[in-house]
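Letter by letter, the chains look like this.
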Amino acid sequence: MLEFDPLDLVEPSRYAERGRPDALFAKLRREAPVVFCEPEGYEPFWAITRHEDIVAISRDPARFSNTGRIALLKKHEDDLIRNVRTIINMDPPDHGAYRAIGNRWFVPRNLRRLEDRVRALAQELLDGIAERGAARIDFIQEIAVPLPMRMICGLLGLPAKDEPFALRLSNEVFGGDDPDMKRAEGGREKTIAEAFGYFTKLLADRRREPREDLLSVIANAEVHGKPIGDLEALSYAFIILAAGIDTTRNALGSGIEALLAHPDQLERLRKDPSLIPTAVEEILRWTVPANQMLRTATCDTQLRGVPILKGDTLVLFYPSANRDESVFDEPDRFLVDRKPNPHLTFGIGEHFCLGAGLARMEIRVLLEELMPRLRSIRLDGTPKRIETNLIVGWKQLPIELELGAASNH
Ligand code: HEM
């Protein structure tokens, strides 16, 4: 019988101190890929760590539902999602009907339109740093946060003055266990109530006077021939805001950290920009901002011969799938030219990330703008991890960055 401390899989303070439990994931993949865990302070769950199993579960919504718990939080916040009904909380057929509302905003044609805005934002941020010579910056606060924050707020149609407010909401949801990011009092439940209050007013405005933004599309959507319900519209706006900022910020921040930790790979990328597309995928495989999502068994069933009971929770640990040695050659090496790269950073199947194309584009554009200007980059202090098991990454990444002038604008 494999002995391990299940708190190592979930406890935010351990993620902050030690980082992701990659060695434990590897052990579980080898010895107990479907294992029952009852860490103190958490509702029990099955930890799923192999790529093949995460794919099979994600592709089987009839057996493994999204209408139960969706993310593993501490016991007192675990049923928080009873107050929301986002597309992540839905199963077919509702799921497809609601997903279609936002889908058109994330198709390649629209992404090409958004790319100009991402590039202009990236250039603006980098120009500001280039002017400062060898600048000492926190990469997270100066680049990784503003880029996705402004993109998502722009997409939804929020006024620019509300960006700091929107960022605070997103931080409080995903950094809700971190002493520097969490809400001063009341926890995530209060944050969600505050977000709903804010969006109630904006959605009403957009019903009266629709504009060219995603909020207007949500506000005026019809599902199954009827106007979208208030709970569903509020949840939709909220999930786009929350899922669009912190995830991408952590992919950008952890991506730069990974390049700094592998200077040979950074050098290859700098010399050969044609590697940027594969580097984007490797950054996604390596950084895995979304650490876990949950499914609930809809019937008594089995996985690898292990009996699972109706109502049991399964935690899909994406970082473990991304290091699965039966799928990836040399999974513990960070290689900017890795191909193929069937990582599960965006999930797979029914709930495959709606914003995957946008996130990929943001990472690619930032690298395309950064690499040709890069004179020097080095760590300038000790990076600090977010205290979380949910959207994992760095809250501080102090670097010294010297940039040359842009060559193409
Ligand atoms: C690197 C950045 C990102 C990562 C790592 C990420 C990861 C994920 C994951 C793992 C899922 C759930 C998959 C599942 O349960 O099977 C998901 C779903 C989702 N993501 Fe993302 N995401 C990112 C960026 C974004 C962005 C930029 C947006 C929005 C604009 C977004 C919006 C969503 C939505 C709405 C869903 C729910 C999809 C559904 O249930 O059908 N994500 N994402």
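Everything quoted here is computed from the prediction, not taken from an experiment.

**A short note on the overall build of the protein chain**
In step 1: On a plain count of helices and strands, the protein chain comes out with 16 helices and 14 strands.
In step 2: The globule rule puts the C-alpha radius of gyration for 409 residues at 22 Å, and the 21 Å found for the protein chain is close to it.
In step 3: Along the first, second and third principal axes, the C-alpha atoms of the protein chain reach 60 × 60 × 40 Å.
In step 4: Look at the contacts in the protein chain between residues 6 or more apart in sequence, and 72% of them connect residues 24 or more apart.

**Topic: the sheet that holds strand 4 (residues 134-138)**
In step 1: Ordered by their spatial adjacency, 3 strands build an open sheet running 4-14-11, and the pairing between neighbours is antiparallel. Strands with a single pairing partner mark the edges of an open sheet, and in this sheet they are strand 4 and strand 11 (374-379). Ignoring strand direction, the axes of neighbouring strands in this sheet form an average angle of 25°.
In step 2: Bridge count between strand 4 and strand 14 (residues 398-403): 5 bridges; the pairing is antiparallel. Looking across to strand 14, one finds that Asp-138 is bridged to Pro-398.

**With respect to helix 14 (residues 276-287)**
In step 1: The terminal C-alpha atoms of helix 14, which comprises 12 residues, lie 16 Å apart, in line with the 16 Å expected from a rise of 1.5 Å per residue.
In step 2: Within helix 14, 11 of the 12 residues are buried, which leaves the element mostly enclosed by the surrounding structure.
In step 3: Tucked into the core, helix 14 has its buried residues touching helix 12 (230-261), helix 13 (263-271) and helix 16 (356-370).
In step 4: A positive backbone phi angle near 40° is found at Val-288, which sits one or two residues after helix 14.

**So, the site of the ligand**
In step 1: Lining the immediate environment of the ligand, one finds 26 residues, of which His-95, Arg-99, Arg-295, His-351 and Cys-353 sit closest.
In step 2: One of the backbone N or O atoms of Ile-87 is found 3.5 Å from an oxygen atom in the ligand.
In step 3: Arg-295 places a side-chain nitrogen or oxygen 2.8 Å from an oxygen atom of the ligand.
In step 4: The residue inventory of the shell around the ligand, partitioned by class, reads 15 nonpolar, 8 polar and 3 charged.

**With respect to the environment of Arg-211**
In step 1: Tracing the sequence through the fold places Arg-211 in the loop between helix 10 (187-208) and helix 11 (214-219).
In step 2: Judged by its relative accessible area of 53%, Arg-211 is exposed.
In step 3: Once the C-alpha coordinates of Arg-211 and Cys-153 are considered, the two residues, 58 residues apart in sequence, prove to be 14 Å apart.
In step 4: With sequence-adjacent residues up to four places away left out, Arg-211 is seen in contact with Arg-206 and Ser-216.

**Points about the side chain of Glu-11**
In step 1: By secondary structure assignment, the location of Glu-11 is in the loop between helix 1 (7-10) and helix 2 (12-18).
In step 2: Here the side chain of Glu-11 touches Lys-74 through a polar contact of 3.4 Å, side chain to side chain.
In step 3: Sequence-distant contacts of Glu-11, defined by excluding residues within four places in its chain, comprise Tyr-42 and Lys-74.

**Concerning the packing of aromatic side chains**
In step 1: Taken as a whole and judged by the stated rule, the model has 7 aromatic pairs.
In step 2: Here the aromatic rings of Phe-346 and Phe-352 are separated by 6.0 Å at their centres, their planes lie at 70°, and the arrangement is edge-to-face.
In step 3: Of the residues examined, Phe-346 reaches a relative accessible area of 12% and is grouped as buried.
In step 4: A cation over an aromatic ring shows up here: Arg-285 above the ring of Phe-328, its NZ or CZ 5.3 Å from the ring centre.

**Examining the pattern of salt bridges**
In step 1: Counted by the stated rule, this structure contains 44 salt bridges.
In step 2: Asp-5 is the partner of Arg-14 in a salt bridge, and the nearest nitrogen-oxygen pair spans 2.8 Å.
In step 3: By relative accessible area, Arg-14 is classed as buried at 19%.
In step 4: Given the relative accessible area of 32%, Asp-5 is considered partly exposed.
In step 5: Of the charged contacts in the structure, one is a salt bridge between Arg-206 and Asp-213, with a shortest N-O distance of 3.0 Å. An identical accessibility class is assigned to Arg-206 and Asp-213; each is buried.
In step 6: Within the structure, one salt-bridge network assembled from shared partners comprises Glu-115, Arg-119, Asp-127, Arg-364, Glu-368, Glu-369 and Arg-373.

**Some words on the packing of helix 12 against helix 14**
In step 1: Interhelical geometry of helix 12 versus helix 14 gives an angle of 100° and a closest axis separation of 9 Å. In terms of axis orientation, helix 12 runs roughly perpendicular to helix 14. In contact with Ala-251, Ser-254, Gly-255, Ala-258 and Leu-259 of helix 12, helix 14 contributes Ile-283, Leu-284, Trp-286 and Thr-287.
In step 2: Looking at side-chain class alone, the contact of helix 12 with helix 14 contains 6 nonpolar, 3 polar and no charged residues.

Calculation rules
- Residues numbered from 1 in each chain as written.
- Predicted model: local features only at pLDDT ≥ 70, side-chain atom pairs only at ≥ 80, totals over all residues.
- Heavy atoms only, no water.
- Helix = DSSP H or I, 4+ residues; strand = E, 2+ residues; numbered from the N terminus.
- Rg over C-alpha atoms; globule rule 2.2 N^0.38 Å.
- Contact = heavy atoms within 4.5 Å.
- Pairing = 2+ DSSP bridges.
- Axes fitted to C-alpha atoms, helices over the stretch in contact; angles between N-to-C directions.
- Expected span 1.5 Å × (residues − 1).
- Buried < 20%, exposed > 50% of the residue type's maximum accessible area, 1.4 Å probe, protein only.
- Near = heavy atom within 4 Å.
- Polar contact = N/O pair within 3.5 Å; in protein donor to acceptor, adjacent residues only side chain to side chain.
- Nonpolar A, V, L, I, M, F, W, Y, C, P; charged D, E, K, R; others polar.
- Phe/Tyr/Trp six-rings, centres within 6.5 Å; stacked < 30°, edge-to-face > 60°.
- Lys NZ or Arg CZ within 6 Å of the ring centre and 35° of its normal.
- Salt bridge = Lys/Arg side-chain N within 4 Å of Asp/Glu carboxyl O.
- Parallel < 35°, antiparallel > 145°, perpendicular 65-115°, else oblique.

Just distances and angles here, no functional claims.
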